[in-house]
Amino acid sequence: MTLEYTSVDEIPDIVAGLHKTFNSGLTKPLKYRKDQLRRLYDLLEENESLLVKALYDDLRKPEAESLCAEIALPKEEILFFLKNLDEFSKPEKLKPRFMVSALDKVQVRHDPLGVVLIMGAWNYPIQLFLLPLIGAIAAGNTVLIKPSEIAVHTAVLLTSLLPRYLDQSSYRVVNGGVPETTRLLELRFDHICYTGNGVVGKIVMTAAAKHLTSVTLELGGKSPAIIADDVDIQVVANRVCFGKYYNCGQTCVGVDYVLIPESKLEPFLAAIQKSITNFFGENPKSSDAFARIIADRHFSRLVGMIENRTSGRIVAGGQHDKTERYIAPTVIAGIEDEKDPLLTEEIFGPILPVIAVKDVDAAIKYVNARDTPLVLYLFAKSSKIINKVLDNTRSGGVTVNDTMMNCQELNLPFGGAGASGIGSYHGHTSWLTFTHSRATLIRDLSLESAQVMIKYPPYSAKQIQV
Ligand code: NAD
């Protein structure tokens, strides 16, 4: 299957059309926004099997993972906005601070931003395309969506479905690779929401700066799981196993590596092997619960990580098959070379380095010596240890005693910090991200004599005292 790229020459007209629609006010009425959201819900409801199939064709994504992470979450987000949009849209009334504003209406309006560009990544090609789109529609913007060209089947399907459900004058899709995206980024948007790697994140932010356009950058990095010595190791292994091998490890919030006290290393290695077998059977290649690597480039990169390392022993997995882009759930312990890519680069595949450290303090030190992760996972019973780790580390988000669950709780803001991203979205945070909080003060035209007395020049001695 091939994805037809948008002609570079057409792109400026598409963007100009979206500005024109926004300026016409078409997307502002709440009724219009809700109507578009309902249609998007219908798209998901009526095309579920096609969407699941496209994800299977791109990533051999297990049906349960597609239904849960790619379809159920956007549906829930649409219902959330349909329920709350009236309330969110009311100006927020604030108490005036000074007597001089006592009779004024002091409010924060939440106005649409204008034309929003959303750039998605290939690993959750529906969720990462739809969740920001839902927030941007609810907020009253017009939107240009640039799906990842790497998840071809899903991009082709969404490109054909979207115009059948959404108003084409307000929401458009542009497809392409680097030349098309580069052209897009030369144009002016009112906000850009980009999901993907940090190298391209910098390109996006540099382009946005030329127009002083605000950005939300949803990036990646190495999310650690710190394990304390007071937890049930099999429970931890199950939860790490889930958060590592979901979508074949191609999850921005997946566990990248484990930091564990030396005394618990061997029990953990035995436990995670048990979890792998329980989840995927003796031969994970034949499991329908285990996805595949998206593209040859990523397959070669990951196999290189396993084969070119100079230290460390393979505790589980290690097998691979290029014809299917299959890499077995792999666990590697004892990597000694600190410059090993497994320890320095985001893995984004089914390989789990397990690093033994002296204790939780050493784990905190290890994490703090590196880029700020998107998520930090911690397994501990003692509230003293939990608070110590939370108080002494930085990350976009945290889940204690599980993996990945903070990003499916749509009431929590989702986003990185430092190298893992700028800004956040999901739920009410999406509302704030895709609207402008407009400071509004409405005065009365009466009581001019009071203004003359307290505000205007020439200033009296009494005014100076104030
Ligand atoms: P990708 O290759 O699909 O790229 C993302 C987008 O950037 C695409 O739309 C692509 O067309 C565009 N792009 C690529 N090269 C470009 C260039 N030179 N100029 C302009 N645009 C360009 O996805 P990826 O970057 O491989 O995604 C994986 C990364 O994304 C990982 O680091 C992962 O952690 C991160 N990620 C983060 C989140 C999050 O929500 N924080 C979610 C998913 C993935």
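What counts, and at which threshold
- Residues numbered from 1 in each chain as written.
- Predicted model: local features only at pLDDT ≥ 70, side-chain atom pairs only at ≥ 80, totals over all residues.
- Near = placed C-beta within 6 Å.
- Helix = DSSP H or I, 4+ residues; strand = E, 2+ residues; numbered from the N terminus.
- Nonpolar A, V, L, I, M, F, W, Y, C, P; charged D, E, K, R; others polar.
- pLDDT = per-residue confidence, 0-100.
- Pairing = 2+ DSSP bridges.
- Axes fitted to C-alpha atoms, helices over the stretch in contact; angles between N-to-C directions.
- Core = buried A, V, L, I, M, F, W, Y, C linked by C-beta atoms within 7 Å.
- Buried ≥ 20, exposed ≤ 12 C-beta atoms within 10 Å, placed from the backbone.
- Contact = placed C-beta atoms within 7 Å.

### Examining the site of the ligand
Working step 1: Taken together, 27 residues surround the ligand, and among them Ser148, Gly196, Asn197, Gly220 and Cys252 come closest.
Working step 2: Listed by contribution, the elements that provide at least two residues to the shell around the ligand are helix 7 (178-186) and helix 8 (198-209).
Working step 3: With three residues, helix 7 is the largest single contributor of residues to the shell around the ligand.
Working step 4: Class assignment for the residues of the shell around the ligand results in 12 nonpolar, 11 polar and four charged.

### Observations regarding the confidence of the model for the protein chain
Working step 1: Per-chain confidence: the protein chain averages 97 in pLDDT, with 100% of residues scoring 70 or above.
Working step 2: Here the predicted complex carries an ipTM of 0.95, next to a pTM of 0.96.

### Examining unusual backbone geometry
Working step 1: Cis rather than trans, the peptide bond between Pro457 and Pro458 has omega equal to -5°.
Working step 2: In this structure, Asn247 takes a positive phi of about 55° despite not being glycine.
Working step 3: Even without being a glycine, Arg325 presents a positive backbone phi close to 50°.
Working step 4: With respect to the element layout, Arg325 can be found in the loop between strand 11 (320-321) and strand 12 (326-327).

### Topic: the sheet that holds strand 1 (residues 92-94)
Working step 1: Strand order in the open sheet formed by three strands is 1-2-18, with antiparallel pairing between adjacent strands. Taken across any chain shown, the strands that pair with only one partner, and hence form the sheet edges, are strand 1 and strand 18 (435-442). If you compare each strand with its neighbour and ignore which way they point, the axes differ by 25° on average.
Working step 2: Looking at chain direction, strand 2 (residues 105-112) and strand 18 are connected through eight bridges and run antiparallel. Note on strand 18: the bridge partner recorded for Asp111 is His436.

### Considering the nonpolar core
Working step 1: Core analysis: the biggest nonpolar cluster contains 127 residues, and Val116, Ile134, Ile227, Val258 and Ile272 have the highest contact counts within it.
Working step 2: Counting residues per element, this core draws most heavily on helix 5 (residues 127-138), which supplies nine residues.
Working step 3: Excluding anything up to four places from it in sequence, Ile227 contacts Val236, Val258, Leu259, Ile260, Lys264, Phe268 and Phe379.

### A few points about the environment of Val258
Working step 1: Topologically, Val258 is positioned in strand 9 (residues 257-261).
Working step 2: In this structure, Val258 is in contact with Ala225, Ile227, Val240, Leu352, Val354 and Ile355, ignoring residues within four places of it in sequence.

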